[in-house]
Every structure is written in structure tokens, then in C-alpha cells.
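Summary of the model geometry
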Amino acid sequence: MEADITPEALIRRASTIGGRELDRFREAGGRVVGYSCVATPRELLDAAGLLPYRIRALGSTARELADARMSRFNCSYCRSCLQLGLDGTYDFLDGLIETNGCDHLRGMFENWQHDRSPGFFHYLRVPHLKNEDTHAVYLEELELLRAALRDHFDVPISDEDLRRASARQERVRAKLEQAQGLRDHDPPALSGAEALALSLLESAWPPTEFEALLDRVLASRRRASITGRARLLLAGSATDELGLLQAVEELGGLVVSDGLCYGARAFWRESVHAGADPLRELAAAYLDDLLCPRMFDDYERRLAFLRQMARRAAVDGVVLVHNKFCDIHGVDNARLRIDLEAEGTPALVLEKEYGAASDLGRIRTRVQAFIERLRR
Amino acid sequence: MNETLHTPIRDGLFDRLVQLADVITALPDQLSDEEVAGLRRVLPADTARAIGAAFEPYLRRGSVPFLKLAARHVQQARRARAEGRKVILMPFNFPPEVILIFRSAVPLCCEVITTLGVAVLEGAGERYWDEATALGLPDFLCSSSTIELGSILSSRDFRPDGLVQSTAGACDANSKVHEFVSLHLGIPQFFIEKPADSSARSRAHQRRYFRRFIAELERFTGETLDEGYMRQVLELANEATDLWYEFYDLHKFTPCPVPNLFSLFSYGTRFTSWGQRRAVDALRAMTDLGRERLERGLYPAEEEIARCVWLYTGYYFDLWGLFNWMESRGITYLHDALSLFVPIHIDTTSKETMLDGLAEAVFDYPMTRTMGAGSMSLSWIEDMVHFIRDLDANCAVFSGHHACKQTWSVFSRVRDEITRQTGVPVLCLQGDSWSRRITTAADLRGQLDAFVGSVVARKRRRAARRRRRQNMFKTDS
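Now for a quick tour of the structure.

About the cut-offs
- Within any chain, residue numbers begin from 1 and follow the written order of that chain's sequence.
- Chains and ligands are labelled sequentially in the order written, the chains with letters from A and the ligands with numbers from 1.
- Residue-level local features of this predicted model are given only where pLDDT is at least 70; pairs of side-chain atoms are given and counted only at 80 or more, and the full residue set underlies all totals for whole chains, interfaces and linings.
- Values reported for side chains reflect all heavy atoms of the structure, with hydrogen atoms and water molecules removed beforehand.
- Secondary structure is summarised from DSSP: a helix means a run of H or I of at least four residues, a strand means a run of E of at least two, and numbering begins at the N terminus for each.
- Restricting the calculation to C-alpha atoms gives the radius of gyration, and the globule rule supplies 2.2 Å times the number of residues raised to the power 0.38.
- Each residue is placed in one exposure class: buried if its accessible area under a 1.4 Å probe, protein chains only, is under 20% of its type's maximum, exposed if it is over 50%, and partly exposed if it falls in between.
- The contact rule is simple, with two residues in contact once any of their heavy atoms fall within 4.5 Å.
- Accessibility throughout is a Shrake-Rupley quantity obtained with a 1.4 Å probe, and a residue counts as covered only by protein chains that appear here.
- Each pair of strands is called paired provided DSSP finds at least two bridges between the two strands.
- Fitting a line to C-alpha atoms yields each axis, with helices limited to the stretch in contact; the angle taken between N-to-C directions then spans 0 to 180 degrees.
- A right-handed crossover is one whose linking path, passing over the helix from the first strand to the second, runs clockwise when the strands point away from the viewer.
- Note that the term roughly parallel is reserved for angles under 35 degrees, roughly antiparallel for angles over 145, roughly perpendicular for angles of 65 to 115, and oblique for everything else.
- Any residue outside Ala, Val, Leu, Ile, Met, Phe, Trp, Tyr, Cys, Pro, Asp, Glu, Lys and Arg is labelled polar, Gly included; the first ten of those are nonpolar and the last four are charged.
- Salt bridges are defined as contacts in which a side-chain nitrogen from Lys or Arg sits within 4 Å of a carboxyl oxygen from Asp or Glu.
- Put simply, buried area is the surface a 1.4 Å probe can reach on two separate parts but cannot reach once they are joined, added for both.
- In protein, a polar contact means a hydrogen-donor-capable atom and an acceptor-capable atom, both N or O and within 3.5 Å, with residues adjacent in sequence counting only if both atoms are side-chain atoms; elsewhere, any N or O pair within 3.5 Å suffices.
- In summary, the pairing rule links any two rings of Phe, Tyr or Trp, Trp by its six-membered ring, whose centres are within 6.5 Å, and it sorts them by plane angle into stacked for under 30 degrees, edge-to-face for over 60 and tilted for everything else.

What follows covers the overall build of chain B. In terms of regular secondary structure, chain B is built from 19 helices and eight strands. Against the 2.2 N^0.38 benchmark of 23 Å for 477 residues, chain B shows a C-alpha radius of gyration of 22 Å, consistent with a compact globule. Along the three orthogonal principal directions, the C-alpha set of chain B runs to about 80 × 65 × 45 Å. Looking at chain B as a whole, 64% of its 477 residues are labelled buried. Considering only residue pairs separated by 6 or more positions, chain B has 79% of its internal contacts joining residues 24 or more positions apart. Of the roughly 17200 Å² that chain B leaves accessible, carbon and sulfur atoms contribute 51%.

Written out as C-alpha cells, the structure reads:
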């Protein structure tokens, strides 16, 4: 295996904000736009020649600047992201796209915009329901985003550009699904931490470079085999903490599948949309496949998605994680646990502080006890 | 054996409130001091304290109609099934008149039931919160809804026929816990989406969403809205709206002639009964009493020291120990973000104008309007700066209800801007507005006292000295 794609190297490369590939892209005159929520169609930015960069905190726990703005009743993940926005770490961004993902996220963006205004700022308003009216509204929102990008960056986005970007994204998605296939194997050929690393790199690197890397990783892992005590599915709130997955896997809990918005939920597509208008297709696909608890009247689909992922990977149990004060995942996890347990799938709800190393001991104990419960 | 021993105990929040409601509605409209004293002796301690707060002689005449209104809101839901009507449980940020325009449905406001429960029932609703968390719901949800919903989830309480979901995008805690109840108990949910800005485009979307919502309710109730009946309800709502503006204006006088508790009662009225005769009666009683006190120059303390606008919610678990105590110390609770609901006059010309008016009312309702706005902080700042100036407030208080994550996420900006634009000091408290477990009333009183004594009163004295000096210069010249 080449040195730059070993599991350790992948995780190391995904553990930095920025990085060589991003620097090269910027040095060549490329512009980078930050976004936070999976409801943001990356294809629209890619079609404009902009690099969509998904904001992350990577387990960072420094929050003093953010705490002066938000409060201890706000989720620590959002506060960590805000901290990185305010301390200049994200100054490489040429713009920001806000979405109404949750109450904490909206607060994070408002403070970020106010205290350290990026050159470009756009609020992409995503409906909370899926019906004929909201599909039309979301399409309008994407039209507005397209116009805002065009006006600010002086880049027209034609339907042809959009089709090209969509085709590329579909190709990458299909390859990420292949990577998921490697986890479905028994024993798995790709660890949960590696899969999360790939997903993090996908939303940070220029698409061509990432696709090349992904091809190499897929080719190199085909015969790999990872052993552990139990096969787990990890689902829940925004989790970009590679260290958390590594800690769980060190205990023998192989994260063979996930329902994380930095993971499978970011690339999994259920719906099929084809038509003459690429923006309309994009709007329909993003809204229909938005498997996030911020959506309403859609719980059954979220549950079905987890069931499907659990079945594919033949998991022994499900770990449902959320950050303290995360209402949307906190409540959804309570319901998911009841439903999964009723179906005979053991489920553990893990509430945690984002990125807190001091919390890791408690998390280890609980995961260990859960693995014992699975009689593994 | 005594048969009553075998009667199953209905100890849900709603059922316990119904029992108290039966006592309240049986009371005469005019109560003497002796009757109030007798009543307090027979009621449990927590209930007696809350009822006592509302029955203080200086506000009793305005309180009785409100307490009867609240009692009838509960009784109306209890009777509904026998009358062939459906009970729709709705969050506080939804106008009850939208349900009342249906002959076959009655609204029940979740947060009002919780508030009544924590304010007047022995045990302050804590057991229902525990029921909810025992199911695995997180302990950082909002007690305002979770206490009542916890009681429903226990399956030992009244079960509504349907739920309104109107908080998505304005409050995650509220919207998610309602969804949980719907899924857990199989109660149908009706959604109304709120576009995240107030542009003309968004308002047009809202009108479309609202019609979809109404169509779903029509299917659920099996009733097609009747224009004549709608008009009847909305004309009563408009009557209440006119009175509210009169009620609001009374707060502009110094000292404020309107007792502190009436601010809470005004939104209790809005959130349960707008569109019913009893809302008009309750508001009229409060407004009349306020006007009379203005004419007689009455105020509960020797002087009014602090005129507070509460920036979001208040604290509701000890009415006597907080609302009444404040005014006994010269601290006026002018309004909070919930009582500043700014009702609109609905055009009753046609069914379409009425539906448009109701869609507008939903759009601009408390919390939805600010926390569901394109910018929470800007919308909140704009509203509060306006009200602080309009009501001549000299301080502001943020209750810091810990479940309001959306307000907490932008509060520091709001505090800075309010102080910069209006010059009034802002106190930030922390606690749970519906639970005494987090910060006690005694602790809150201590913090309010210190703030008013060391910041507001001192500022006021400095301003008075400055005015005196300016007057002296004017006299000299």
C-alpha cells in the first residue's frame, strides 16, 4: 500500500483544516466557499468553478471566542466551528453559505457573519417538509443561490455546467457507495474511521484530486480485512471526530456502517430524478434525500434508512450519538432507540460533549458495556 | 369496602387541572376578602399561593375573568368528545382562532396547560417532566411543552385527537418533542411551514402553506369551513385585538397602572381563546381595571423604580413570589416577548381575505416572527428596541430559559445592541422558566433585587441629578 493512502495517512490527512490540495487550488486562483449542511448542493458551487468546503471542527475544543457569543446551552460542535471562524482558521474561505439546519447552526452563522464577515454570504433556506409546495420553494432557493454566486463571483452557471458537475458528483457518490460496500464485508475491508476520513476529504478537496485518491484507496483495500468484536452502526448528529471512531474501534467495535451527516447521509441517494432541468433535478434529489431530523413528517424514512444500512452491513448493534443540547438528534435518537430495540436491534444512545477528550473515558466505558451486551 | 378506593386515580396534568377548573368556574365573579381567605384555606399550598397571587385585592377584578377563561379552555377540551368535536393540541406559537373557525374542533394550548400546571398544581408538574425523561427524551428539552407532553406520554392523561406542528425552524426543542409524541402515541400531526424570511415572496409561500394546512384540517375534521362562522369567530378576534391595543397603551404610563400578572394573563388569553367572547371579556376586565388605576394614580409600591421589558419569556412557577413580589418592590413587568404579540385586524370581507389574514397572523406570531426570521438577532433586536422605547422602559431582563437555544445563540449580540441603541441595562438570568429545580424563585428575586438596586436605581438617581442640574442652569440663565 502506498504510504499516502495507508489508514493512518488517510486519517492524518483528513485531520487538518485546509491542507496541501486546498492550498494548491487557491494558489491557482481557485475560490473556496464554506457551507455546513448536507442540504447545500455542492454541484452548484462546483459548476461555478468554486470549491465547496464543508465546515468542520475536527474535534477542536477551543471555544473562548465562540463562548463570548454563543452560550453553554448551545451545542459544542457549533461553538467549535464558530471559534475556528472567529480565530481566523477559516479565513481561506471566500464566502459562506448559511442553512437553517438547526437552532444552534443558525446562531453560529449569524455570529460568524456579524463578527468576521466573509466576502460572500448567502442564506439558503431549506424547507422542513417534503411536498409539492416546498419542492417549488426549494427550487426557487437554488435559483437565488445560483444568481447570488453568479453576481458575486462573476461566474455564470449554465445548465450544461450544472449537468457536468452533477455527473461528476454522481460518479463520486457511486464510488463512496463502493467504499461502503467494503465495510459491509465480513470482516470489513475499510474501518469506520477511514470511511469518515474519506467523507471528510470529499467535502474539502478539489473534486478531481479526491476522485483520484478515492480510486487508489478502493483499489488498495479490496483484500484488506479488519477484525473486531462487534459490528456497529454509528448514527446521529454532526460527527467529524475521527478520534471518537478510532476510540470505539480500538475497543473492538467496528463501525461498519453509519448514518452520520458527515458520513453516509452526505452521499447516499435513494431517489431517482431525471429531467430536462438540471437545477430542478438537483432540488428534488437534495430535498427528497435529506435524511436529517430537522425534516418533519419524514421519521419513517430516517428509520428505514438506518434499517437498510444495518441490514446491509449485518450489524450487531446501533450506537446513536448526539451532542449535549442537540434537540433534533436528541429527540430522534430517543425514538430510534425505542423502535430499533422493539425490532430486536440493540441500540445505545450516547450523549456527549463535542470533541472532549475528558469525555472519552466515559464513552469508552459505555461502548465497552454495550459490546458486552451484544455478547461479543 | 369504600368504593372510592377502587376508583382509578386520574393524575395526569390535564385531569388535575380540570378538577381545579371546576372549582374556579363555580366561584362568583365578585369575591370578598373573606371568601378568598376561605378558598385559600381549603386548597393545597401551591395552589393557594398561585390563586392568592391572582386574587390580591388590587388585581382581583381583572384576574377572575382570566382564571375563568383558562378554566373554560380546559373544560372545553374535556367536553369536546361528548359534543362530537376533536381536540387539537397546539403549541403557543399558533393562533387558536385557526382551530376555532372549525365548528368541529377545539384548541388546547400545550404550553398554557403546562404553565397552569406548574403555577397552580401541587408538585409544579415535575413528575410529568420525569415521565418524559424516563422514556429517554433528553433533559435539555423545553419544559414548557415537555411537562404537558410528558403527562400525555404517561398514557394516564387526556389524549388529544391531533397535534399542530408550527415551530419547525423557530424552535427545535418544541417541534421535535411534538413529533415524538405524535409518533409514540400515533396521534396525527398537522404541519405548517414558516418561510425563513419576511419578504413578499415568503409571505406568498406562507399563504400557500396555510391553505394546504387548512385543507388537511378540513379532511381530518370532515368539515368544510363555513364563511359565516369564520366571520363570527374572527370578528370576536378583531374585537379582542382592538382591546389589546388599549391594554398595551396603558403600559406607557408611569407608574404603570397595569398589574404585572396581567401581562402573563394577556398572552394566556391570546394563546387560548382569541375568537371567543371570553377573550374579549377577560381583556376588557384587565383594561378597565388598568384604566381605573391610572385615573386614581394607583401603584402597588411607593414608587416605580424599574420599568422592565422582559426580552423573551418570564418565570412562571411562582406567580406570587415573582410577579407580585416585583411590583411590591417597585419593579414593573411591562411586557415580555410573548405578550408583545401585536395582533392584526383580520379583513373579514370574504373567506379568502380571512384565510390570508390568518396566514399573516401565523407568520407574525410570537417566537415564529423573531426566531423564525431570516436573522434571529436582527428581528429580535428590532422588536425589542422598538418596545423598550415605546414603553419607556429603563431596563431589560433576559430570563435565560436554558432550553431556548436559539435565543441563547444570539443573545450576546442582542444584549449589546439593545444597550447601544437604547442605553438601558440588560440583566441576563439563567434558569428554567417552568421549573423551580434549576434556579429557585428566591435566587431569582435576589438577582433582580441586586440588579435593580445597584444598576437601575443608581442610573435613575444619576439621571434625576442631571435633570436637576440642567434645570438649575436654566433658572440661573
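Here the focus is the sheet that holds strand E2 (residues 105-109) of chain B. Residues and elements named next belong to chain B. The parallel open sheet is built from four strands, whose spatial order is E2-E1-E3-E4. Among the strands making up the open sheet, the edge pair consists of E2 and strand E4 (189-191). Taken over all neighbouring pairs, the strand axes of this sheet differ in orientation by 30° on average, direction set aside. The pairing of strand E1 (residues 86-90) with strand E3 (residues 162-165) spans two bridges and is parallel.

This part covers the pairing of strand E6 (residues 253-260) of chain A. Residues and elements named next belong to chain A. Extensive coverage of E6 is indicated by the burial of eight of its eight residues. Note that strand E5 (residues 230-236) and E6 share seven bridges and pair parallel. The residue of E6 that forms the bridge with Gly-236 is Leu-260. Taking the sense of rotation as the criterion, the β-α-β connection linking E5, helix H11 (residues 242-250) and E6 turns out right-handed.

Next up on the list: the packing of helix H7 (residues 126-134) of chain B against helix H8 (residues 143-153) of chain B. Residue and element names in this part refer to chain B. One can describe the packing of H7 onto H8 by two numbers: an axis separation of 7 Å at closest approach and a directional angle of 80°. Classified by the angle their axes make, H7 and H8 are roughly perpendicular. Facing H7, whose interface residues are Tyr-128, Trp-129, Glu-131 and Ala-132, H8 presents Ser-143, Thr-146, Ile-147, Gly-150 and Ser-151. Looking at the contact of H7 with H8 residue by residue, the classes come out as four nonpolar, four polar and one charged.

Residues and elements named next belong to chain B. Applying the stated criterion across every chain, the model contains 87 salt bridges over all chains. With a shortest N-O distance of 2.9 Å, Arg-49 and Asp-318 are connected by a salt bridge. Pair noted here: Arg-49 is in helix H3 (residues 45-54) and Asp-318 is in the loop between strand E5 (306-310) and helix H14 (319-328), with a separation of 269 residues, a long-range link. Take Asp-318: its relative accessible area is 10%, and that puts it in the buried class. Here Lys-176 makes a salt bridge to Glu-179, at a shortest N to O gap of 2.7 Å.

Here we come to the pairing of E2(B). Residues and elements named next belong to chain B. In terms of residue burial, E2 counts as a mostly covered element, since five of its five residues are buried. Along E2, one buried face is formed by Ala-105, Pro-107 and Cys-109 and the opposite face, lined by Val-106 and Leu-108, is buried too. Where E1 lies against E2, five bridges are found, and the strand directions are parallel. Along E2, the bridge assignment pairs Leu-89 with Leu-108.

Attention shifts here to the interface of chain A and chain B. In this assembly, 51 residues from chain A lie in contact with 47 residues from chain B. Here chain A packs against chain B, burying approximately 4100 Å² in sum over the two surfaces, 54% of which is carbon and sulfur. Per-residue buried area on chain A facing chain B is highest for A:Phe73, A:Glu110 and A:Phe296; these three make up 16% of the total on that side. Taken together, the links from chain A to chain B amount to 10 salt bridges. Of the charged contacts in the structure, one is a salt bridge between B:Arg201 and A:Glu141, with a shortest N-O distance of 2.8 Å. Viewed at the interface, chain B and chain A are joined by 29 residue pairs in polar contact (both at pLDDT 80 or more). Elements represented by at least two residues in the side of chain A that touches chain B include exactly helix H6 (103-115), helix H7 (132-153), helix H14 (299-312), strand E7 (317-323) and helix H15 (327-342) of chain A.

A separate point is the packing of aromatic side chains. By the definition in use, this model includes 38 aromatic pairs over all chains. An angle of 25° between the planes, with centres 5.3 Å apart, marks the rings of B:Trp244 and B:Tyr248 as stacked. Remark: B:Tyr248 and B:Trp244 occur in helix H11 (residues 227-250); sequence separation between them is four residues, near one turn of the helix. Considered together, B:Trp244 and B:Tyr248 belong to a single accessibility category, that of buried residues. Measuring from centroid to centroid gives 4.1 Å for B:Phe398 and B:Phe411, while their planes differ by 15°, and the two rings are stacked. Residue B:Phe398 is located in strand E7 (residues 395-398), and its partner B:Phe411 is located in helix H18 (residues 405-422); the two are separated by 13 residues in the primary sequence. B:Phe411 carries the same exposure label as B:Phe398, and that label is buried. Linked through ring pairs, A:Phe73, A:Phe325, B:Phe140, B:Tyr312, B:Trp380, B:Phe398, B:Trp408 and B:Phe411 together constitute an aromatic cluster.

Function cannot be read off these values alone, since they describe shape.
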